[in-house]
Each structure stands twice: as structure tokens, then as C-alpha cells.
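# Per-entry structural report
Listed below are the residues making up each chain.
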Amino acid sequence: MSTIVLLLITGLGLGALYFLVASGLSLIYGLMGVLNFAHGSFLTLGAFAGWEVARRLGADSWGVFGLALVVGAAVGAAFAALTELLLVRRLYERHIEQVLVTVGLALATVALFEGTWGSDPEFIEGPAWLRGTTDVAGAPVPNDRFLAIGAAVLVLIGIVLFLRYTRFGLIIRAGVENRAMVTALGIDVRKAFTLVFAVGGAAAGLGGVLASQYFGYVSPHLGAQLLIFAFIVTVIGGLGSLTGAAVAAVLVAVLQQFANYYWGYGDLVVVLLLALVLLVRPSGLLGRRA
Amino acid sequence: MTTTPTTQQASSRSDETAPLPADDGARGAARRRWVPLATGLALVVLLACLPLLAISLPGVLPGPTYTPGTLQVLALALLVGALALSYHLLFGVAGLLSFGHALYFAVGVYGLAIVLDRTDLPLLPAACVVLVGGIAVAHVVGAISLRVTGISFAMVTLAFAQAGNVLVRRNPAGATGGEEGLALDTTHVPDVLVGVANTRNLYWLALAVLVVVYAIVLWVERSRAGHVAAATRENEMRVRVVGGRPYLVKLLVFVVAATLATAVGMAYLLLQSGAVPRVTSADFTLTLLVMVVLGGVGSRWGAVVGGVLYTLLDQRLGALAASEAIAGLPSVLRVPLSEPLFILGTLFVLVVLFLPGGIAGAAQRLAHRSGRNRDRQREVARDTIEESA
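Computed from a predicted structure; not experimentally measured.

Bringing helix α2 (residues 39–57) of chain A into the picture now. Residue and element names in this part refer to chain A. Helix length check: α2 (19 residues) gives 27 Å between terminal C-alpha atoms against 27 Å at 1.5 Å per residue, within 8%. Most of α2 is tucked away: 16 of the 19 residues are buried. In the segment just after α2, Gly58 is the residue with positive phi, at about 95 degrees.

Below is the structure:
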């Protein structure tokens, strides 16, 4: 029983990280049709920014950790907004080229991170509470899992509220539905593009700081590791659907944890799940029917 | 299958479309057919003679062309060119953006390594077994992933390749050697293909692989199936309306491209005398994509040039990074310049942004422009003659 609880909560924590990456991917794809391969780099840069803050100001206080989270999210958002303004925008409506540009950016930035911070993982420290465990139904659950889950839930609520109750949210939702119509009504959708990139980048940067706590290290390949599963989550959930991404993130991560523990091939199970979902519902769990 | 209108449209895009003056049209067509063939043959003969010559290209090659080190780099470049060509068949011809092409290459590399390691089969039968295995894997994965199109297709192929990557890294039953990789068991490999002294034989093998892959890709592109595949890339609905069957044709192209990748993978194993998990990674497929786009999407020789150029740059930029000139720079410049992938990635972004059509596109535009200039000169000359008359 305690094993199951432990696996479940760990899976939820991993699912939270997947969601933080996949939410941005899904929003960007839904609005612009761009599959963003550089999203992993947003995450990695956010993680390194948070790590630098913690290293310089003393890692074990909560204030510094909170600052690291904010800085990570801000750096991720800035990087993402610059990517949209400088690279993606120039290739408006040319989806393959947009994908290619983000691929190039991902290759170049990962190399740059390796050159700057070295290719080996840097082990990190944080507030003492995060290293400890809490007893849940007899299972010692590492505390950083709760933090990841809480942050992901907050981000989900935040993005949903933003989309539902703000003017920009309205434009983004309308743009996902029918971009040509929004443009025809005289609304500049391009601002919404930059904004969506920034929001996705902020979520990824935040995810980066949390992921480095979850795994216990930062490395230039942190983003790429998570990105592939975030892609799978996005496709399973349905490209462009935020709720779908949340459901699929939990499903994929929990399944992966259980399969890893009992069978040892969790990653394969996830791929099989993807194949199965695409065979039965090619548009994903909550995606619009193609 | 009657796909005439779409087919003509689609194939005219990928072929040479420079307009020629009407009077020497027939001669021009014949010349257009023979000049590339003759150039290609001459190039192959030149490449085949390289191990017997002592040509030094300082900065490009590590040493004179007859030395094993240089031949190793050149052979690697040729094999990667062949691999890029197989990816061109998938992406350039059929328009299938796959992120999992490394899987079939890895089937060749790891498959042959495992068969040679675990069985007593000699090289050729072992290669046949691996090839059949590669075809089977490509059929299964292709049949599943081609049920979806566009970005979803890219994702599914990525996921399958990732599954292959995980399998290799997990080292099931000690077959793949995990992160360490697998050394080539040379017991059943002919002696002429083993050892540093025989690098030139491996070089010739790589050249032969490239030529064969080029011939097969050319054949598939010129076949009816190739035309239907190109038409499907342009407009799948229309192909379906005129009675074509896009799914089967796409599957065929997918399997052919995957099989070619498997064959190249086997040659790669012999050349590198070992398999490492890097060849199964998604990054490796992405570098293939980079090569094809760098060379020019839709161009056969562009794909080969992209692959060769990428490999040489990758090898030589590494050497540049370790050189004195870079070590002396301030860290703002030193760090980016000492990462080959940073330079290649940046180059790639610049090509996508500013040089659509890659190297092949730029070459074609250049040729077009000089052709137009010649026409204009001729016109000016004619005017002068008429005026003086």
C-alpha cells in the first residue's frame, strides 16, 4: 500500500513537471501551429538561472528559493518572447520552417549551455524542508513532489483564469478557434503570439527550477529529457487543449512510474500508450476532431 | 492510377525549371541530361582515386588524402551523405517530416553488431538478416505512424525512435552494451575490412554505398510511385480524388528510406567498428534534418552535399575548438566558438531564415542569374549588330 501511495504521488509530481512544459507547447501549437522544439531550452535556461540565484545568495533560505522561482520564470518568459519576436515571427504561416528554426535554436542553445556550465550535471541545494520527506499513509514521500504538484496546480488555475477573464485571454481563445476571423475583426493577433510564447516560457522556466529540485541536479540536457515526454503528453492530450495536457500529463507520468517500478520499461509503456491513443483517437484525448 | 495533372505539377517543382531559348531546346535538353551524369561520374571516379593520391587541404582535412585518418573522416562524410539522401527521400520527396529516422539507422548499426556478436553467421548473410529485420520494423512503425499526418506523424515517429533509444540504453539481456556501446566482433568480418591499414577499403565501401543509395533514390523518385509520393506531398486530397492511394505510396517510400538507412547503418558499424547509443537519439535525427535543409530540401545532390559538409564541419570545428587561436580569445567569444553544435545550429537558423532552398537553392539561383546575364549580353550584342548594319 505504501509503495502504491509513494508511486502515485511521485507520478503526480513528475506529471506536474510534464504539465508545466506541455501547457506552453499546447498553447503555442493551438494558437500558431508551431511545434516548439526550443521549449526544452527555455526550461533549461530557467533552471540554470534559478541555480545561479540560489548559488549566489545562499541556497537554504525560502526567500532565496522563492526568488529563484521568480527569476527562473522571468528568464524563461524573456527568452521565449525574444525567440518569438526574432525568429518565429519572420516565418509567419510557414510552419515547417518555424519548426526548423526552433530545432536549430535548440541545438545551438544546448551547445551554448554546455560550453557555459559544463556538460556534467551540477548537484543543487535548496531549503532543508525540500530534502526531507512527509509520511503519507505510511509512505515517506519526498517533499519536493508536493511543491511541484502545488506549483503546477497554481499554474493551471492561473492560465485558465487568464484565458477566461482577461481581454488577451479572450483573443487567445478566439485565435485558437479561428485565427483568420480574429484578424479579420481588426485585432492584432501577433501581440497574442508573443504573449503566448512568454506565458509558455514562464511556465517552462518555473518548471525548470522545480525539475532541478525534483531530480536533484541541473544539466544542459534537463530540458531535452523532459521535452520528449512533454511532446507525448501534448499529443495524447490533444494538440491545443490545456485540460487535455493536464489530464494526459498525470496519466502518462503515473503510468510511467508504475511501469518503471514493476516492469522496468516505463518509457516503452508511454510510447505504446501514445500509439494506442493515436490509433483509436488520432486527435488525442480532448483534441478537436480533425 | 491516373495522377497526371498533379504529378506533372509536383515533379516540375523539384526538377530543373530554368527556361531555355526555343531554338536550341532539343540540344539543351540532351545537354541537361548528359552534363549532370558526366559530372557525377567524374566526381565518383575522382573520389575513388583519392586514397591513391596525396592531396592536402589544410583546414578542411586532417592530412593528405591517402592517410587512414583522413580516409576515415571522408568515409564517414560519405556515409552520412548517403544517410541524408535516404532522409531526403522521406522528407524532400514524400514530404514526411519524420523525427525517428535514426531508429532504422540504429537497427542497422546495432542489429549487425548483435548478429555478428551472438551468431556464427558470416558478414553477408548477417547483413541480409539485419536488412530483413529493418524492413520488418519499418513496416510496423510506418503502418502505425502513417495513420496520422503532419505534426502528429512527426511526434509518433519521435516516440518510436525514443523507445528504441530507451531499449538500447537499458541493455536488455546484455545485448546492446547500454551506455558503453558495443564493439564490433570481427571474427566473421573479412580481413580486408578490418584494421587501420585497410581504411581505404572501408572508404571504397562507403563510396559504393553512397552511389548505390543515390541510384536507388533516383530510381524511386523517377518511378510512378515516386511521382505519386511527390503529388501527395503537394496535395493529398487531390491524389485521392483522382484515384491514387496515398497511404500505400507513403508507406512504400517510408520503408524504402528506412531500409536504405539500415544498409548505411551497417556500413557505419564496419567503419566505426562499434556502436554507441548516440546514433539512436532524437538529436541524431535532428542533425539529419539539419543536413537536408542545409543542402536544400528536394534536391538529391543538395542532401549529399549537406551531409558531407555537416560531417566535415562537425569534425573540423571540434579541431578548431581545441586550437591555440580559440584558447586565447576572451570567454565571451571562446565559449560559443568552442562548441561545434552552437556554430552549426546558428548556421542552420541563418540558412532557414535567409537562404530558403539551402545550398542547392542558392546554386540554382546563381546559375539562373548568370544564365540571364548571358542572355542579356547576347541581346545587347544583337542590338549592336543590327544598329551597325
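The subject of this paragraph is a nonpolar patch on the surface. Side chains of B:Leu43, B:Leu46, B:Leu52, B:Leu53, B:Ile55, B:Leu57 and B:Val60 sit close together on the surface and give an oily, nonpolar patch of about 590 Å² of accessible area. Among the structural elements, B:Leu43 can be located in helix α2 (residues 25–49).

Before going further, it helps to spend a moment on the interface of chain A and chain B. With 38 residues of chain A in contact, the opposing surface of chain B contributes 37 residues. Across the chain A/chain B interface, buried area totals approximately 3,300 Å², and carbon plus sulfur atoms make up 83% of it. One can count zero salt bridges joining chain A with chain B. Linking chain A with chain B are one residue pair in polar contact (both at pLDDT 80 or more), by the criterion used here. Looking at the side of chain A that touches chain B, the elements that each hand over two or more residues are α4 (95–117), α10 (222–237) and α12 (266–280) of chain A. Residues of the side of chain A that touches chain B, tallied by class, amount to 28 nonpolar, five polar and five charged.

Attention now goes to the pattern of salt bridges. Using the criterion set out here, one finds nine salt bridges over all chains in the structure. With a closest N to O distance of 3.4 Å, A:Arg190 and A:Asp188 form a salt bridge. Overall, the relative accessible area of 36% leaves A:Asp188 in the partly exposed class. Close ionic contact of B:Glu236 with B:Lys250 constitutes a salt bridge, the shortest N to O distance being 3.3 Å. Of this pair, B:Glu236 sits in helix α9 (residues 236–241) while B:Lys250 sits in helix α10 (residues 246–272), placing them 14 residues apart in sequence. A residue is classified by how much of its surface remains accessible, and B:Lys250, at 6% relative accessible area, is buried.

Below, the discussion takes up the pairing of strand β3 (residues 139–142) of chain A. Residues and elements named next belong to chain A. Side chains of β3 alternate between two faces, with Ala139 and Val141 buried and Pro140 and Pro142 left unburied. In this sheet, β3 lies alongside strand β2 (residues 133–136) in antiparallel orientation, the contact comprising four bridges. Looking at β3, one finds that Thr133 is bridged to Pro142. Taking the residues between adjacent antiparallel strands as the criterion, β2 and β3 are bridged by two residues, where Ala137 takes a positive phi near 50 degrees.

Each value, and the rule that gives it
- Residues numbered from 1 in each chain as written.
- Chains lettered and ligands numbered in written order.
- Predicted model: local features only at pLDDT ≥ 70, side-chain atom pairs only at ≥ 80, totals over all residues.
- Heavy atoms only, no water.
- Helix = DSSP H or I, 4+ residues; strand = E, 2+ residues; numbered from the N terminus.
- Expected span 1.5 Å × (residues − 1).
- Buried < 20%, exposed > 50% of the residue type's maximum accessible area, 1.4 Å probe, protein only.
- Patch = residues over 30% accessible without salt bridge, like charges linked within 9 Å, V, L, I, M, F, W, Y side chains within 5 Å.
- Areas by Shrake-Rupley, 256 points an atom, 1.4 Å probe, with all protein chains shown as cover.
- Salt bridge = Lys/Arg side-chain N within 4 Å of Asp/Glu carboxyl O.
- Contact = heavy atoms within 4.5 Å.
- Buried area = accessible area lost by both parts, 1.4 Å probe.
- Polar contact = N/O pair within 3.5 Å; in protein donor to acceptor, adjacent residues only side chain to side chain.
- Nonpolar A, V, L, I, M, F, W, Y, C, P; charged D, E, K, R; others polar.
- Pairing = 2+ DSSP bridges.

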